[in-house]
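# Examination of the molecular architecture
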Amino acid sequence: MRLIGCLLLALTSNQALAQACVVHSQAERLDVKVCQQNRNIPQKLFADGFCQPNLAGQKVEVQYVDQCPGGAFGICSNAQVANMPYRQDIHYYGVATDAAYLQPFCEGKSQGNWLKP
């Protein structure tokens with residue numbers, strides 16, 4: 001459950017300088033890597049508000065890329081940003097069993113489509 005909370009924070013309090021960003025956060029017993037790919041978020045808003053999560057007690061590294069790299073175990077395609085009309089694709093890397101929690105969130109709360117690459 002802690003993993004999901006961290007992922008949700010990473011998705012809602014961010015900042016980016018490219019069309020996509022890879023966010024890798026680490027803490028004791030936690031290693032989360034996601035990539036957010038912009039679909040229709042205005043570039044300035046994406047740049048000013050989408051890829052720098054403020055996660056207390058965690059080491060966070062952000063890499064800006066043109067598109068998300070391969071190797072994800074799941075993708076929440078066309079996910080709606082909470083309380084906003086914007087959409088993005090969220091690529092999940094790491095522990096594939098986390099899909100049991102991420103897929104229902106993707107399809108329900110985010111109104112996205114869960115894809116297995």
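Here, the structure is the one placed above.
Residues numbered from 1 in each chain as written. Predicted model: local features only at pLDDT ≥ 70, side-chain atom pairs only at ≥ 80, totals over all residues. Heavy atoms only, no water.

### As for the state of the cysteines
- Inspection of the entire model under this criterion finds two disulfides.
- Here C35 engages in a disulfide with C68; their sulfurs sit 2.1 Å apart. In this structure the cystine formed by C35 and C68 twists about its S-S bond by roughly -85°; its chirality is therefore left-handed. Here C35 is found in strand 2 (residues 30-38), whereas its partner C68 is found in the loop between strand 3 (59-65) and strand 4 (74-80), with 33 residues between them in sequence.
- In this structure C68 comes out as buried when scored by relative accessible area, which is 11%.
- The side chain of C76 participates in a disulfide bridge whose partner is C106; the two sulfur atoms lie 2.1 Å from each other. The sign of the S-S torsion, about 90°, decides the handedness of the disulfide formed by C76 and C106: right-handed. Taken as a pair, C76 in strand 4 and C106 in helix 3 (residues 99-107) lie far apart in primary sequence, 30 residues in all.
- Using a relative accessible area of 1% as the deciding quantity, one classes C106 as buried. (Disulfide = S-S within 2.5 Å. Helix = DSSP H or I, 4+ residues; strand = E, 2+ residues; numbered from the N terminus. Buried < 20%, exposed > 50% of the residue type's maximum accessible area, 1.4 Å probe, protein only.)

### A word on the nonpolar core
- Membership of the largest hydrophobic core comes to 15 residues, with the highest contact counts inside it found for V34, F73, C76, I90, Y92, L102 and W114.
- Put simply, the parts of the chain that give this core at least two residues each are strand 1 (20-27), strand 2, strand 4, strand 5 (87-93) and helix 3.
- In this structure, V22, V65, A72 and I75 belong to the second largest nonpolar core, which totals eight residues. (Core = buried A, V, L, I, M, F, W, Y, C linked by side-chain atoms within 4.5 Å.)

### Concerning the sheet that holds strand 5
- With respect to topology, six strands assemble into an open sheet ordered 3-1-2-5-4-6, the strand pairing being antiparallel. Of all the strands in the sheet, just strand 3 and strand 6 (113-115) have a single pairing partner and so form its edges. Strand after strand, the sheet turns through a mean of 20° between neighbouring axes, direction not considered.
- Bridge count between strand 1 and strand 3: seven bridges; the pairing is antiparallel. For Q26, the partnering residue across the bridge sits in strand 3 and is K59.
- Sheet strands in contact with helix 3 are strand 4, strand 5 and strand 6, and its direction is about 145° off that of strand 6. (Pairing = 2+ DSSP bridges. Axes fitted to C-alpha atoms, helices over the stretch in contact; angles between N-to-C directions. Contact = heavy atoms within 4.5 Å.)

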